[in-house]
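# A closer look at the structure
Letter by letter, the chains look like this.
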Amino acid sequence: MSTGVAVNDACVEAFQDLKLGKKHKFIVYRIEHNEEIVVDQTSTDADYDSFIGALPENDCRYAIYDLEFEHPDGGTRNKIVFIAWSPDTARIRSKMIYAGSKDALRRKLVGIAQEVQATDLSEVSYDSVLERVMRV
(Lines give C-alpha, C1' and ligand atoms only; values in the text may rest on other atoms or scores of the structure.)
Protein backbone atom coordinates (compact mmCIF):
# COMPACT_ATOMS: atom_id res chain seq x y z
CA MET A 1 0.00 0.00 0.00
CA SER A 2 1.46 3.34 -1.08
CA THR A 3 0.18 6.57 0.41
CA GLY A 4 1.82 8.96 -2.04
CA VAL A 5 3.88 10.52 0.74
CA ALA A 6 7.12 11.97 -0.66
CA VAL A 7 10.56 11.72 0.95
CA ASN A 8 12.31 15.05 1.49
CA ASP A 9 15.91 15.14 0.19
CA ALA A 10 17.13 16.17 3.65
CA CYS A 11 16.15 12.69 4.89
CA VAL A 12 18.70 11.02 2.62
CA GLU A 13 21.33 13.69 3.33
CA ALA A 14 21.01 13.16 7.09
CA PHE A 15 21.25 9.38 6.58
CA GLN A 16 24.42 9.76 4.49
CA ASP A 17 25.88 12.02 7.19
CA LEU A 18 25.21 9.27 9.75
CA LYS A 19 26.39 6.39 7.58
CA LEU A 20 29.46 7.87 5.93
CA GLY A 21 30.34 10.95 7.94
CA LYS A 22 29.42 9.62 11.40
CA LYS A 23 27.99 13.09 12.12
CA HIS A 24 24.89 11.70 13.85
CA LYS A 25 24.21 8.82 16.23
CA PHE A 26 20.52 8.75 15.42
CA ILE A 27 17.90 10.35 13.19
CA VAL A 28 14.15 10.57 13.81
CA TYR A 29 11.83 11.15 10.85
CA ARG A 30 8.18 12.23 10.84
CA ILE A 31 5.46 12.66 8.24
CA GLU A 32 4.50 16.31 7.88
CA HIS A 33 0.91 17.22 6.90
CA ASN A 34 0.38 13.68 5.54
CA GLU A 35 2.43 14.75 2.49
CA GLU A 36 6.15 14.42 3.10
CA ILE A 37 8.63 12.53 5.26
CA VAL A 38 11.01 15.02 6.89
CA VAL A 39 13.82 14.95 9.45
CA ASP A 40 12.30 15.50 12.88
CA GLN A 41 15.61 15.54 14.73
CA THR A 42 19.20 14.34 14.66
CA SER A 43 21.57 13.80 17.55
CA THR A 44 25.18 12.99 18.28
CA ASP A 45 24.27 11.74 21.77
CA ALA A 46 25.54 8.16 22.10
CA ASP A 47 23.27 7.43 25.09
CA TYR A 48 20.63 4.92 23.96
CA ASP A 49 18.15 6.29 26.50
CA SER A 50 18.35 9.68 24.76
CA PHE A 51 17.37 7.96 21.53
CA ILE A 52 14.42 6.20 23.20
CA GLY A 53 13.38 9.54 24.72
CA ALA A 54 13.19 11.04 21.21
CA LEU A 55 10.40 8.62 20.24
CA PRO A 56 7.00 10.14 21.07
CA GLU A 57 4.78 8.21 23.44
CA ASN A 58 1.58 8.59 21.41
CA ASP A 59 2.62 9.11 17.79
CA CYS A 60 4.42 7.19 15.06
CA ARG A 61 7.93 7.89 13.76
CA TYR A 62 10.68 6.31 11.71
CA ALA A 63 14.16 6.27 13.16
CA ILE A 64 17.70 5.32 12.26
CA TYR A 65 20.16 4.34 14.98
CA ASP A 66 23.86 3.63 14.50
CA LEU A 67 24.23 0.74 16.95
CA GLU A 68 27.75 0.13 18.24
CA PHE A 69 28.36 -3.10 20.12
CA GLU A 70 31.02 -5.58 21.14
CA HIS A 71 30.95 -8.70 18.98
CA PRO A 72 31.39 -12.05 20.80
CA ASP A 73 34.25 -12.91 18.44
CA GLY A 74 36.00 -9.73 19.53
CA GLY A 75 36.07 -6.19 18.29
CA THR A 76 33.59 -3.37 18.12
CA ARG A 77 30.96 -3.44 15.36
CA ASN A 78 28.48 -0.91 14.02
CA LYS A 79 25.14 -1.74 12.43
CA ILE A 80 22.61 0.74 11.15
CA VAL A 81 19.11 -0.08 12.40
CA PHE A 82 15.85 1.21 10.91
CA ILE A 83 13.00 1.44 13.41
CA ALA A 84 9.35 1.82 12.46
CA TRP A 85 7.87 3.18 15.71
CA SER A 86 4.08 2.74 15.87
CA PRO A 87 2.99 2.70 19.52
CA ASP A 88 -0.28 1.05 20.46
CA THR A 89 -1.48 4.43 21.78
CA ALA A 90 -1.06 6.22 18.40
CA ARG A 91 -4.12 7.17 16.37
CA ILE A 92 -5.24 4.57 13.83
CA ARG A 93 -4.96 7.03 10.92
CA SER A 94 -1.38 7.85 11.86
CA LYS A 95 -0.51 4.15 12.06
CA MET A 96 -2.00 3.55 8.62
CA ILE A 97 -0.15 6.47 6.99
CA TYR A 98 3.18 5.47 8.55
CA ALA A 99 2.72 1.80 7.61
CA GLY A 100 1.85 2.70 4.03
CA SER A 101 4.71 5.19 3.63
CA LYS A 102 7.55 3.18 5.18
CA ASP A 103 8.75 1.59 1.94
CA ALA A 104 9.17 4.98 0.25
CA LEU A 105 11.72 5.96 2.91
CA ARG A 106 13.33 2.51 3.19
CA ARG A 107 14.06 2.40 -0.55
CA LYS A 108 15.97 5.70 -0.32
CA LEU A 109 18.13 4.63 2.66
CA VAL A 110 20.69 2.16 1.35
CA GLY A 111 22.88 0.36 3.88
CA ILE A 112 20.48 -0.57 6.67
CA ALA A 113 21.50 -3.79 8.44
CA GLN A 114 18.31 -4.51 10.39
CA GLU A 115 14.72 -3.33 10.53
CA VAL A 116 12.66 -3.31 13.71
CA GLN A 117 8.87 -2.86 13.86
CA ALA A 118 8.06 -1.59 17.35
CA THR A 119 4.76 -0.96 19.10
CA ASP A 120 6.05 -0.55 22.66
CA LEU A 121 9.28 0.35 24.43
CA SER A 122 10.24 -3.27 25.13
CA GLU A 123 10.62 -3.84 21.38
CA VAL A 124 13.11 -0.98 21.05
CA SER A 125 15.02 -1.66 24.25
CA TYR A 126 18.78 -1.85 23.73
CA ASP A 127 18.87 -5.56 24.56
CA SER A 128 16.01 -6.38 22.19
CA VAL A 129 17.56 -4.46 19.27
CA LEU A 130 21.02 -5.90 19.98
CA GLU A 131 19.60 -9.44 19.97
CA ARG A 132 18.05 -8.85 16.54
CA VAL A 133 21.26 -7.37 15.14
CA MET A 134 23.35 -10.26 16.43
CA ARG A 135 21.15 -12.74 14.52
CA VAL A 136 22.08 -11.18 11.18
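Predicted model, so just to flag it, every value in this text is computed and none were measured. (Residues numbered from 1 in each chain as written. Predicted model: local features only at pLDDT ≥ 70, side-chain atom pairs only at ≥ 80, totals over all residues. Heavy atoms only, no water.)

## Quick look at the pattern of salt bridges
One pass over the structure, following the stated rule, counts 9 salt bridges. Note that Asp-66 and Lys-22 form a salt bridge whose closest N and O atoms lie 3.1 Å from each other. Of this pair, Asp-66 sits in strand E4 (residues 61–70) while Lys-22 sits in the loop between helix H1 (9–19) and strand E2 (26–32), and the two are 44 residues apart along the sequence. Using a relative accessible area of 4% as the deciding quantity, one classes Asp-66 as buried. (Salt bridge = Lys/Arg side-chain N within 4 Å of Asp/Glu carboxyl O. Helix = DSSP H or I, 4+ residues; strand = E, 2+ residues; numbered from the N terminus. Buried < 20%, exposed > 50% of the residue type's maximum accessible area, 1.4 Å probe, protein only.)

## Focus on the sheet that holds strand E6 (residues 114–118)
The strand order across the open sheet formed by 6 strands is E1-E3-E2-E4-E5-E6, and the pairing between neighbours is mixed. Both edges of this open sheet fall to strand E1 (6–7) and E6, since each of them pairs with a single strand only. Relative to strand E3 (residues 36–43), E2 runs antiparallel, the two being bridged by 7 bridges. Among the inter-strand pairings, Glu-32 is bridged to a residue of E3, identified as Glu-36. (Pairing = 2+ DSSP bridges.)

## Section: the packing of aromatic side chains
Evaluated as defined, the whole model comprises 8 aromatic pairs. Each ring, one from Phe-26 and one from Tyr-65, has its centre 6.4 Å from the other, and the planes form 20°; the classification is stacked. With Phe-26 in strand E2 and Tyr-65 in strand E4, the pair connects residues that are 39 residues apart, well separated along the chain. The same class applies to Phe-26 and to Tyr-65, which are both buried. Owing to a relative accessible area of 4%, Tyr-65 belongs among the buried residues under this scheme. (Phe/Tyr/Trp six-rings, centres within 6.5 Å; stacked < 30°, edge-to-face > 60°.)

## Describing the nonpolar core
Ranked by size, the top nonpolar core spans 23 residues in total, and within it Tyr-29, Ile-37, Ile-64 and Leu-105 carry the most contacts. In terms of nonpolar packing, the next biggest core, distinct from the first, is built from 19 residues, Phe-26, Tyr-48, Ile-83 and Val-133 among them. (Core = buried A, V, L, I, M, F, W, Y, C linked by side-chain atoms within 4.5 Å.)

## Here's the deal with the pairing of E6
Across the two faces of E6 the burial differs, with Gln-114, Val-116 and Ala-118 buried and Glu-115 and Gln-117 not buried at all. Where strand E5 (residues 76–85) lies against E6, 5 bridges are found, and the strand directions are parallel. Note that in E6 the partner of Ile-83 across the bridge is Val-116. Crossover E5 to E6 through helix H3 (residues 92–108) is right-handed. (Right-handed = clockwise from strand over helix to strand, strands pointing away.)

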